[in-house]
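Here are the chains, one letter per residue:
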Amino acid sequence: MNIFNKTRLIFSFFLTITTFCAYSQTNVFKVTLDAGHGDHDFGAVYSGRIEKNIALAIVLKVGKLLEASPNIDVIYTRKTDVFIDLVERANIANRANSNIFVSIHCNANKNTAADGTETYVMGLSKVASNLEAAKKENSVITLEKDYKRKYEGFDPNSPESMIGMTLMQEEYLDNSISLASKIEDNFDRLGKKLRQGGVKQAPFMVLHKAYMPRVLVETGFVSNPTEGNILNSEEGQDDIAKAIAEAIISYKREYFGNGVPEADTRPVKDTSTAKPKAVETPTVVKNAPKGTIFKVQLIASIKKTPLEPKNFKGLKNVTMLFENNIYKYFYQETSDYETAKKYLQEAKGKGYGAAFLIAYKDGEKISIQDATK
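The structure displayed is predicted, hence computed values, not measured ones.

Engineer: Please clarify how the side chain of Arg89 should be interpreted in this entry.
Structural biologist: If you trace the backbone, Arg89 turns up in helix α3 (residues 86-95). With a relative accessible area of 2%, Arg89 lands in the buried category. Among the polar contacts made by the side chain of Arg89, one reaches the main-chain carbonyl oxygen of Ala35 at a distance of 2.7 Å. A polar atom in the side chain of Arg89 sits 3.0 Å from the backbone oxygen of Ile84. Residues within four places of Arg89 in sequence aside, it is in contact with Asp34, Ala35, Gly36, His37, Thr77, Arg78, Ile84, Phe101 and Val206.

Engineer: Would you mind showing me how to read the nonpolar core here?
Structural biologist: In terms of nonpolar packing, the biggest core is built from 50 residues, with Leu33, Val62, Leu66, Val102, Ile244 and Ile248 touching the most fellow members. For this core, the secondary-structure elements that each account for two or more residues are β1 (29-35), α2 (51-67), β4 (72-76), β5 (100-107), α6 (169-188), β8 (214-221), α9 (234-255) and β12 (356-361). Among residues more than four places away in sequence, those in contact with Ile244 are Ile58, Val62, Ile104, Ile183, Phe187, Val217 and Thr219. Grouped together as the second largest cluster of nonpolar side chains are 20 residues, Leu298, Val318, Leu344 and Ala347 included.

Engineer: Would you explain the pattern of salt bridges in this entry?
Structural biologist: A side chain of one charge can pair with a side chain of the opposite charge if their charged atoms are brought near each other. This structure, assessed with the given rule, holds 11 salt bridges. Salt bridges sharing partners connect three or more residues here, namely Lys61, Glu234 and Asp238.

Engineer: Would you explain the pairing of β5 in this entry?
Structural biologist: Most of β5 is tucked away: 8 of the 8 residues are buried. Burial along β5 is two-sided: Ile100, Val102, Ile104 and Cys106 and Phe101, Ser103, His105 and Asn107, pointing in opposite directions, are all buried. Bridge count between β5 and β8: 6 bridges; the pairing is parallel. The residue of β8 that forms the bridge with His105 is Glu218.

Engineer: It is not clear to me how the side chain of Ser178 should be interpreted in this structure. Could you clarify?
Structural biologist: Structurally, Ser178 can be placed in helix α6. On the accessibility criterion, Ser178 (8% relative accessible area) is buried. Among the polar contacts listed, one links the side chain of Ser178 to the side chain of Tyr255, at a separation of 2.9 Å. Setting aside residues no more than four positions away along its own chain, Ser178 makes contact with Tyr251 and Tyr255.

Criteria and cut-off values
- Residues numbered from 1 in each chain as written.
- Predicted model: local features only at pLDDT ≥ 70, side-chain atom pairs only at ≥ 80, totals over all residues.
- Heavy atoms only, no water.
- Helix = DSSP H or I, 4+ residues; strand = E, 2+ residues; numbered from the N terminus.
- Buried < 20%, exposed > 50% of the residue type's maximum accessible area, 1.4 Å probe, protein only.
- Polar contact = N/O pair within 3.5 Å; in protein donor to acceptor, adjacent residues only side chain to side chain.
- Contact = heavy atoms within 4.5 Å.
- Core = buried A, V, L, I, M, F, W, Y, C linked by side-chain atoms within 4.5 Å.
- Salt bridge = Lys/Arg side-chain N within 4 Å of Asp/Glu carboxyl O.
- Pairing = 2+ DSSP bridges.

Shown next as structure tokens:
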């Protein structure tokens, strides 16, 4: 065999292996879970309630629940009490080509009455409380060696200094908001245990460096005696972990893979003490047509955008729904599922790669599975 044929044979072999590996991983949804702080960086500490320990415990519980679900690969920035640089936490997610990045923390305030969950997406906020939260978490970089050079002169005490840095927030903002909304909605279903604080924007360094949809979850205030004890308890951590895991799985079903829900939709196994499952209040659209209709959801945003084709890459017949403080934009509507799938592909062809189908029956939102029965 001459050298040309040998080279061609070797190339064909590697091409086959590469194609097989790419195909085998197509249906794997990668989630990077980040437990805030670690080792000498304790985070917030109040009356024996230590943020680094609580964050790690919740992350491990979330990971265990996700690993029990099909086609999910979990990557951890840390699984033990170690210190990881902020930029390295994001790099772990980047190197793994993760689909989403979820950083888990606990909040704290000198006002011990402050309470509630908050889920942040990357953004340049002018809200003082949001900036204060970012300053607290970003201050961790001062514990790192040579942080001024590593972070290009970023001042953790002035989150606004990130304005001069390259932000990749717009590319992933819509998906990040959707994931954050799902997490906060699930927290809301915990009832009186934790007050839902909502989706917010702030310039967190750990989010800035992760190039994918990403959120930072403040699971509650360790400074609040009542809420802090919930965060520090096994039962409380189980509830929080279940809320986050189910939100991630819900996001995966909507956004990962052609916008059509997967056949296997097994729920997360509940490892916590058995409790009655909270019932989700269905979304009802006023003055909606009777019967089952399908729409293509293009994006979700905190910004209100005029419904003109030029604002939606030339797409016409775009409608909007304001729900849970989020503007959701939809393309077309039809009672025919096959036509809906064509609309979906049209939206994706225009650049809305994260678009997906939703369904309503008599104005009430239902699952695609129920709609296609």
